[in-house]
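Structure assessment
Single-letter residue listing:
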Amino acid sequence: MALLQWRDSLRLGVPAVDADHQRLVYSLNRLHFLDVSGDDRPVIASAVEDVLDYTREHFRREEMLMRLAAYPGYKAHCRIHRDMVMRAAELKRRFRDDPSGFTVVTFYNLIADWLIPHVLEEDVKMKPWIEKLDEANAA
């Protein structure tokens, strides 16, 4: 499991979205460090919950911006978000039901392997629509 590194190529130039993406990278890497340092399950569970909660919060913010900007790809983009939340929530549910069968690597990789391509392939499409919104420039 390689740590995510924030880099300029991930920057959309939309402060609110970039700040969210940076926080997601930070939260995922924090989860990784907690796992490799051998923290106990309640601490890991809290970090998993933090990643999932912040992912949902970020998606709500992005979706609000897309709606305000009348982004034509809004519905398709939202479906992508919903699919990711369902997949991550299922892993979290498995962790709650059987902590011994859960690996942080699986959860981390699900989000990390999804996040970078999503930003570079999907989020970049909405940039021209949302970048002029006042709400998008408040970070």
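Definitions and cut-offs
Residues numbered from 1 in each chain as written. Predicted model: local features only at pLDDT ≥ 70, side-chain atom pairs only at ≥ 80, totals over all residues. Heavy atoms only, no water. Helix = DSSP H or I, 4+ residues; strand = E, 2+ residues; numbered from the N terminus. Buried < 20%, exposed > 50% of the residue type's maximum accessible area, 1.4 Å probe, protein only. Contact = heavy atoms within 4.5 Å. Expected span 1.5 Å × (residues − 1). 1 Å grid on protein atoms, 1.4 Å probe; cavity = no way out; pocket = protein on both sides within 12 Å on 5 of 7 lines; lining within 4 Å. Points joined across faces, edges and corners; volume = space filled by probe spheres on them.

Moving on: the environment of Pro 99. Residue position: Pro 99 is located in the loop between helix H3 (74–97) and helix H4 (104–130). Judged by relative accessible area, which is 34%, Pro 99 ranks as partly exposed. Each C-alpha atom of the pair Pro 99 and Arg 41 lies 7.5 Å from the other, and the pair is 58 residues apart in sequence. Sequence-distant contacts of Pro 99, that is, excluding residues within four places in its chain, are made with Arg 41 and Arg 94.

The next point concerns helix H1 (residues 15–36). Helix length check: H1, at 22 residues, gives a terminal C-alpha distance of 32 Å against a target of 32 Å (1.5 Å per residue), a fit within 8%. Just past H1, the residue Gly 38 takes up positive phi, approximately 80°.

On to empty space enclosed by the protein. If a probe the size of a water molecule is rolled over the atoms, the empty space left behind becomes visible. The tally for this structure, following the rule as stated, stands at one cavity of 30 Å³ or more. Reported here for the largest cavity is a volume of approximately 30 Å³. In terms of lining, the largest cavity is formed by Leu 24, Thr 55, Met 84, Ile 111, Trp 114 and Leu 115. It is H4 that contributes the most residues to the lining of the largest cavity, three residues altogether.

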